[in-house]
Amino acid sequence: MDFKRTADVVVIGGGVVGCSVAYNLAKRGCKNVVVLEKSYITSGSTGRCGAGIRAQWGTEMNCKFGIASIEIFEHLEEELGLPIGLHQGGYLVIAYKESEFDQLKKNVALQNSLGIKSKVISADEAKEIVPILNVDGAVGFTFHDRDGHGDPFLTTFAYAEAARRLGVEIFTYTEVKDIIVEGGKVKGVITDRGGISTPVVVNCAGPWSKEVAAMAGISIPTYSERHEALITEPVNRISEPMLISFTGNFYIQQRPHGSFIMGYGPEEHEETHRVNSTWVFLEEMARKLSNLLPPTRDLRVVRQWAGSYNMTPDAQPIVGGVEEIEGYYMAVGFSGHGFMFSPITGVLMSQLVLSEELDLPIDMLSYKRFERGELIVEPAVV
Amino acid sequence: MEKFTDDDVIVCRCEDVTLGQIREVIRRGYTDPEEIKRITRAGMGPCQGKTCRDIIIREVARITGKRIDEIPVPTYRPPSKPIKVGLLAEESD
Ligand SMILES: Cc1cc2nc3c(=O)[nH]c(=O)nc-3n(C[C@H](O)[C@H](O)[C@H](O)COP(=O)(O)OP(=O)(O)OC[C@H]3O[C@@H](n4cnc5c(N)ncnc54)[C@H](O)[C@@H]3O)c2cc1C
Ligand code: FES
């Protein structure tokens, strides 16, 4: 494929967010969209993620982003014409502390007020959903049946292929080295394969969001944090929902093909681009799993890996443009929920770039909130 | 009777992926073994592609006309052999 010299929009990053943004731009009639990816599609956080999808959140914004994305995920295979591996077995949230359970109950009330049909359930009901669940020590549970998980690879490739069908050009192994800004306007990008002139760039660089923003002279307080995960051999279905606990610090899911995928948040929150795996994680995760689902003791772990959460000071994303530069946009800093928010993010970003009316307000996701001290406090994160 | 063809050959025994499926994604434009692994799951099984990886790289080379050494090779990830959850959990007790 010949390299492009001009574009109407350049999307930087071939993860699920960049591919969703590019697809939605093309779907809304934007011609000449180019995606630049320094490695292969899904090589960043996306290909290393748990791909959990939920609407059980503790802030109005996250609930709205969550349920809007679930609604898109539910019809995405039809829309894109390719499988995305969606499994809606619900999220079963487990509280081990009374204070935590109180918060979960408040979250459910908020979710219900926004039309999300989540509920507080008893230990017996939890065991009906997952018969092998060890409920020792748990003080309460909440459940929402439309939550679930997808396949991050299939979803991203589906967005990318659908985007290509609509004329989007995707260049892999192409790194953006600089963004050209003149007179307060974006003029183009410089890559290791040459320059592309464009009036619009969308920074969807995931773990490298800060570095890419700096190319345009924009300073954002994002940083990357290493999170580990592992997968077991496949077995018959024994656990339908995603199991998650904020104080228990874990998420555990069984994929439709039978493998369990799981992870937990790191002890120290070090800023790093490293994605190496550790033995400590393997042992600790195995302990959490075998305690929660005792029959899994006989399962074999086949692979472990790590990836980056792109963090912000309030663990909420930055989505929008900037006052200083016309044509510069970003959708970054998704911490542990960029996969589940990618469908609605693509829609909103494309509406913003094309000056259309937005389906949901995004003002509170501006990067200026950190200067203004208007952080979004979300009580429900791993 | 339907004829058994090359396409029916299972290249990835761990994840049950046939040569036909690999050829299909190559035809759809996926020529990077990293992407082929992630879209078909070939190479993600318990043996982590020790059996199937080279077959896939050869198929990409054959169809695209590229040399084997021009094709990026997926990485092996730990553990190098599957380990039981129970055994790992005991170690941390
Ligand atoms: C272990 C783990 C578990 C997770 N679990 C979940 C979960 O259950 N649910 C959920 O919703 N989210 C989860 N996440 C978070 C999720 O993975 C991310 O939020 C999401 O994938 C972000 O997508 P992205 O497209 O923004 O970033 P990425 O997938 O990282 O894509 C960014 C891309 O930009 C490219 N790039 C960067 N710089 C340049 C440049 N200069 N030029 C060209 N290309 C460039 C990179 O190579 C990369 O491919 C998890 C993450 C991890 C690590
Ligand atoms: S044969 Fe493909 S992963 Fe084992």
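The coordinates are above.
Bear in mind the structure is a predicted one, so any value in this text is a computation, not a measurement.

*Asks:* Could you clarify how one ought to interpret the site of ligand 1 in this entry?
*Replies:* Residues and elements named next belong to chain A. Around ligand 1 sit 39 residues, and of these Glu37, Ser45, Thr46, Gly52 and Met340 come closest. A distance of 3.0 Å separates an oxygen atom of ligand 1 from a polar atom in the backbone of valine 17. Separating a nitrogen atom of ligand 1 from a backbone N or O atom of lysine 38 is a distance of 3.0 Å. Its free accessible area being 1,000 Å², ligand 1 has 97% of it covered by the protein chains. Elements supplying a minimum of two residues to the shell around ligand 1: α1 (16-27), β17 (300-311) and α8 (338-353).

*Asks:* Help me understand the environment of threonine 232 of chain A, please; the structure alone is not making it clear to me.
*Replies:* All names here are of chain A. Relative to the assigned elements, threonine 232 resides in strand β13 (residues 223-232). Its relative accessible area of 0% is what places threonine 232 among the buried residues. Put simply, threonine 232 and leucine 358 are 126 residues apart on the chain and 41 Å apart in space, counted from C-alpha to C-alpha. Each residue touching threonine 232, except ones within four places of it in the same chain, is listed here: Ser259, Phe260, Met262, Leu299, Arg300, Val301 and Val302.

*Asks:* Help me understand the interface of chain A and chain B in this model?
*Replies:* A common way to state how big an interface is: give the accessible area lost once the parts meet. Every contact between the two is made by 32 residues of chain A and, on the other side, 28 residues of chain B. Taking both sides of the interface into account, the surface hidden between chain A and chain B amounts to around 2,800 Å²; carbon and sulfur atoms contribute 60%. In this structure, the connection of chain A to chain B is made through two salt bridges. Notably, a salt bridge pairs glutamate 90 of chain B with arginine 297 of chain A, separated by 3.2 Å at the nearest N-O pair. Viewed at the interface, chain B and chain A are joined by 13 residue pairs in polar contact (both at pLDDT 80 or more). Of all the secondary-structure elements, those providing two or more residues to the side of chain A that touches chain B are α5 (152-165), α7 (279-292) and β17 of chain A. The dominant element in the side of chain A that touches chain B, judged by the number of residues it contributes, is α7 of chain A, at seven residues. The residue inventory of the side of chain A that touches chain B, partitioned by class, reads 16 nonpolar, seven polar and nine charged.

*Asks:* I'm lost on α1 of chain A in this one. Help?
*Replies:* Since one α-helical turn is 3.6 residues long, residues separated by three or four positions face the same way. Residues and elements named next belong to chain A. For α1, with twelve residues, the first-to-last C-alpha span of 16 Å sits near the 16 Å given by 1.5 Å per residue. Within the span of α1, buried status applies to Val16, Val17, Gly18, Cys19, Ser20, Val21, Ala22, Tyr23, Asn24, Leu25 and Ala26. Downstream of α1 by a residue or two, glycine 29 has a phi angle that is positive, lying close to 95 degrees.

*Asks:* I keep staring at the pairing of strand β1 (residues 9-12) of chain A and nothing clicks. Help me out?
*Replies:* On any regular strand, side chains alternate: one points to one face of the sheet, the next to the other face. All names here are of chain A. Neither face of β1 is open: one carries Val9 and Val11, the other Val10 and Ile12, and all of them are buried. Following the chain from β1 across α1 to the adjacent parallel strand β2 (residues 33-36), one finds a crossover that is right-handed. Bridge count for β1 against strand β12 (residues 201-203) is three bridges, and the pairing is parallel. Its bridge partner lying in β12, isoleucine 12 is registered against asparagine 203.

*Asks:* In this structure, what is going on with α7 of chain A? I would like to understand it.
*Replies:* Residues and elements named next belong to chain A. End to end, α7 covers 20 Å across 14 residues, agreeing with the expected 20 Å (1.5 Å per residue, within 8%). Every buried residue of α7 is accounted for by Phe281, Leu282, Glu283, Met285, Ala286, Lys288, Leu289, Ser290 and Leu292. Where α7 starts, the residue carrying a side-chain oxygen 3.2 Å from the main-chain nitrogen of phenylalanine 281 turns out to be threonine 278.

*Asks:* Looking at this model, I keep getting lost on the sheet that holds β12 of chain A. Mind explaining?
*Replies:* Adjacent strands of a sheet form backbone hydrogen bonds with each other and so pair up, either parallel or antiparallel. Residues and elements named next belong to chain A. The six strands are arranged β8-β2-β1-β12-β19-β18 in an open sheet whose pairing can be described as mixed. Two strands lie at the open edges of the sheet, namely β8 (169-171) and β18 (318-321), each paired on one side alone. Strand-to-strand twist of the sheet, defined as the mean angle between neighbouring strand axes without regard to direction, takes the value 20 degrees. In this sheet, β2 lies alongside β1 in parallel orientation, the contact comprising four bridges. Its bridge partner lying in β2, isoleucine 12 is registered against leucine 36. Here α1 sits on the sheet and contacts β1, β2, β12 and β19 (328-332); the angle it forms with β1, its principal contact strand, is near 160 degrees. Across the sheet, α8 is in contact with β1, β12, β18 and β19; its angle to β19 comes to roughly 170 degrees.

*Asks:* Explain the sheet that holds strand β10 (residues 185-191) of chain A here, please?
*Replies:* All names here are of chain A. Read across the open sheet, the three strands follow the order β9-β10-β11; overall the sheet is antiparallel. Of all strands in the sheet, those bounded by a partner on one side alone are β9 (176-182) and β11 (194-197). Strand-to-strand twist in this sheet, taken as the mean axis angle between neighbours without regard to direction, amounts to 25 degrees. Where β9 and β10 come together, six bridges link them in antiparallel fashion. Among the inter-strand pairings, valine 181 is bridged to a residue of β10, identified as valine 186.

*Asks:* Is there a simple way to explain the environment of glutamate 323 of chain A in this structure?
*Replies:* Residue and element names in this part refer to chain A. Relative to the helices and strands, glutamate 323 is located in the loop between β18 and β19. By relative accessible area, which is 68% here, glutamate 323 ends up exposed. Linking glutamate 323 and arginine 54, residues 269 residues apart in sequence, is a C-alpha distance of 32 Å.

*Asks:* How do you make sense of the packing of aromatic side chains when you look at a structure like this?
*Replies:* The geometry of an aromatic ring pair comes down to the distance between the two centres and the angle between the two planes. Residue and element names in this part refer to chain A. Counted under the stated rule, the structure contains seven aromatic pairs over all chains. Between the aromatic rings of phenylalanine 3 and phenylalanine 171, the centroid separation amounts to 5.0 Å while the plane-to-plane angle is 70 degrees, which identifies the pairing as edge-to-face. In this pair, phenylalanine 3 sits in the segment before β1 while phenylalanine 171 sits in strand β8, placing the two residues 168 residues apart along the sequence. The pair phenylalanine 3 / phenylalanine 171 is uniform in exposure class, with both members buried. A connected cluster of aromatic rings, assembled from ring pairs, spans Trp57, Phe65 and Phe341. One residue, arginine 54, lies across the ring of tryptophan 57, its end atom 3.6 Å from the ring centre.

*Asks:* It is not clear to me how the packing of helix α2 (residues 60-80) of chain A against α8 of chain A should be interpreted in this structure. Could you clarify?
*Replies:* A packed helix pair is summarised by two numbers, namely the angle formed by the two axes and the spacing between the axes. Residue and element names in this part refer to chain A. Two elements in contact, α2 and α8, have axes whose closest approach is 8 Å; the angle formed by their N-to-C orientations is 85 degrees. Here α8 runs roughly perpendicular to α2, going by the angle between their axes. Counted together, Asn62, Phe65, Gly66, Ala68, Ser69, Ile72 and Phe73 of α2 and Phe339, Met340, Phe341, Ser342, Pro343, Ile344, Thr345, Val347 and Leu348 of α8 form the full contact between these two elements. In terms of residue class, the contact of α2 with α8 is made up of eleven nonpolar, five polar and no charged.

Rules and cut-offs
Residues numbered from 1 in each chain as written. Chains lettered and ligands numbered in written order. Predicted model: local features only at pLDDT ≥ 70, side-chain atom pairs only at ≥ 80, totals over all residues. Heavy atoms only, no water. Near = heavy atom within 4 Å. Polar contact = N/O pair within 3.5 Å; in protein donor to acceptor, adjacent residues only side chain to side chain. Areas by Shrake-Rupley, 256 points an atom, 1.4 Å probe, with all protein chains shown as cover. Helix = DSSP H or I, 4+ residues; strand = E, 2+ residues; numbered from the N terminus. Buried < 20%, exposed > 50% of the residue type's maximum accessible area, 1.4 Å probe, protein only. Contact = heavy atoms within 4.5 Å. Buried area = accessible area lost by both parts, 1.4 Å probe. Salt bridge = Lys/Arg side-chain N within 4 Å of Asp/Glu carboxyl O. Nonpolar A, V, L, I, M, F, W, Y, C, P; charged D, E, K, R; others polar. Expected span 1.5 Å × (residues − 1). Right-handed = clockwise from strand over helix to strand, strands pointing away. Pairing = 2+ DSSP bridges. Axes fitted to C-alpha atoms, helices over the stretch in contact; angles between N-to-C directions. Phe/Tyr/Trp six-rings, centres within 6.5 Å; stacked < 30°, edge-to-face > 60°. Lys NZ or Arg CZ within 6 Å of the ring centre and 35° of its normal. Parallel < 35°, antiparallel > 145°, perpendicular 65-115°, else oblique.

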